Amino acid sequence: MEKLQQLPRLSFPLTPTPIEELRRLRDALPGAPPLFVKRDDAIPLGFGGNKIRKLHVVAAQALAAGADTLVTTGGVQSNHARATAAVAAKLGLGCVLIANGVPQEKPTANALLDRLLGADVRYVGSRDERAPEMEAAAGDLRRQGRRPFVIPLGASTAHGAAAYALAIEEILPDGVPDTIVVATSSGGTLAGIVAGCAMHGIAPRVIGISADDPAAAIAATVRRILADLEDLLGRPRGAFSELPIEVDDTFVGDGYGIPTPASIEATELCARREALLLDPTYTAKAMAGLIARVRRREKTGTILFWHTGGQVGLFA
Ligand SMILES: *Cc1c(COP(=O)(O)O)cnc(C)c1O
């Protein structure tokens, strides 16, 4: 716990984020338990979201390493890429983004913000080209005498997860929920929440709702990140990586970023009942998973929906 608290963080505060009760959403779902939302979408830098929270620790790690440029990757509409561009701008660092996909003629949403924030965006044709292209970009920068810091996809490293382990402190004053529901993809957020609950001595059921990959693949990634977090915090092997990991991949539908009838319903319900804006790729599907559990009368007890941001995606 001490090692966790001593990890360098950026000097300006971005958190805690609010926790709100969703009374009108509960009223729309007969038999629903008390529902709460943790508003990481409301983090006040670069439109917020879970990537900004992770970067609060990961960018501090980059500064400690003497970096002058952040290099990362994602899809053309990556929230993580936009968050990295925002943090780089705020810190006065350079930012190179390796985006896989086709450049838009008129960039929208995250791609528009990447440009506005001054990032150097380079396009590759496929996901497989991302990691080698990041290394190539970092090599070029080094030859120019610059000091690049490569941030892996989604900032889902031990440091990124540590940011979410630290965030558990923020939910304690409101009472521990019985169940936490959160969107998951590159695994760092889920890993951090699971480890953070264990470190704070609380044991809510934590359900990660997949935005893309099969449950077993994400669970394996989460375990790898948890093992790295054990190393970072000097904990024995298994302290985090043997905790139960629950991933539900039944709300993906036809694929990453493709809406489903349930995700569309969840988005409209949250907007009209709570003015809570979900993103189409992650949080709409996670909320669809929450609503389905309520309707099935699953014995969840009180639920905390951890909003991970991404609302910029509504404008893609
Ligand atoms: C990246 C992202 C997620 C997934 O978080 P991981 O830590 O990558 O699993 C969830 N929601 C939003 C809005 C995201 O941008």
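Residues numbered from 1 in each chain as written. Predicted model: local features only at pLDDT ≥ 70, side-chain atom pairs only at ≥ 80, totals over all residues. Heavy atoms only, no water.

A word on the site of the ligand
Here comes step 1: As a matter of local geometry, the ligand sits amid 16 residues, with K51, K54, S186, T189 and T308 nearest to it.
Here comes step 2: In the environment of the ligand, an oxygen atom lies 2.8 Å from a nitrogen or oxygen atom belonging to the backbone of S185.
Here comes step 3: Bound to the protein, the ligand loses 97% of the 380 Å² it would expose on its own.
Here comes step 4: Counting residues per element, the shell around the ligand draws most heavily on helix α3 (residues 50–64), at three residues.
Here comes step 5: Class assignment of the residues belonging to the shell around the ligand gives a composition of two nonpolar, twelve polar and two charged. (Near = heavy atom within 4 Å. Polar contact = N/O pair within 3.5 Å; in protein donor to acceptor, adjacent residues only side chain to side chain. Areas by Shrake-Rupley, 256 points an atom, 1.4 Å probe, with all protein chains shown as cover. Helix = DSSP H or I, 4+ residues; strand = E, 2+ residues; numbered from the N terminus. Nonpolar A, V, L, I, M, F, W, Y, C, P; charged D, E, K, R; others polar.)

Topic: the packing of helix α4 (residues 79–91) against helix α5 (residues 109–116)
Here comes step 1: Where α4 contacts α5, the two axes come as close as 9 Å, and the packing angle between them is 20 degrees. Relative to α5, the element α4 is oriented roughly parallel. Seen from above, α4 lies across α5 with left-handed handedness. Where α4 abuts α5, its residues N79, A81, R82 and A85 lie against N110, L113 and D114.
Here comes step 2: Residue composition of the contact of α4 with α5, by class: three nonpolar, two polar and two charged. (Axes fitted to C-alpha atoms, helices over the stretch in contact; angles between N-to-C directions. Parallel < 35°, antiparallel > 145°, perpendicular 65-115°, else oblique. Left-handed = near helix turned anticlockwise from the far one by under 90°. Contact = heavy atoms within 4.5 Å.)

Regarding the sheet that holds strand β9 (residues 246–248)
Here comes step 1: What the six strands build is an open sheet, ordered β1-β2-β10-β7-β8-β9; its pairing is mixed. On the outer flanks of this sheet lie β1 (19–21) and β9, each paired with one strand and no other. When the angles between neighbouring strand axes are averaged without regard to direction, this sheet yields 25 degrees.
Here comes step 2: Note that strand β7 (residues 179–184) and strand β8 (residues 205–210) share six bridges and pair parallel. (Pairing = 2+ DSSP bridges.)

Quick word on the pattern of salt bridges
Here comes step 1: For the coordinates displayed, the defined rule picks out 18 salt bridges.
Here comes step 2: Between E265 and R295 there is a salt bridge; the shortest N-O distance is 2.8 Å. Separated by 30 residues along the polypeptide, E265 in helix α10 (residues 261–274) and R295 in helix α11 (residues 283–295) bring together distant segments of the chain.
Here comes step 3: What makes E265 partly exposed here is its relative accessible area of 31%.
Here comes step 4: With a relative accessible area of 48%, R295 lands in the partly exposed category.
Here comes step 5: Here R296 and E298 are joined by a salt bridge, their closest N and O atoms 2.8 Å apart. (Salt bridge = Lys/Arg side-chain N within 4 Å of Asp/Glu carboxyl O. Buried < 20%, exposed > 50% of the residue type's maximum accessible area, 1.4 Å probe, protein only.)

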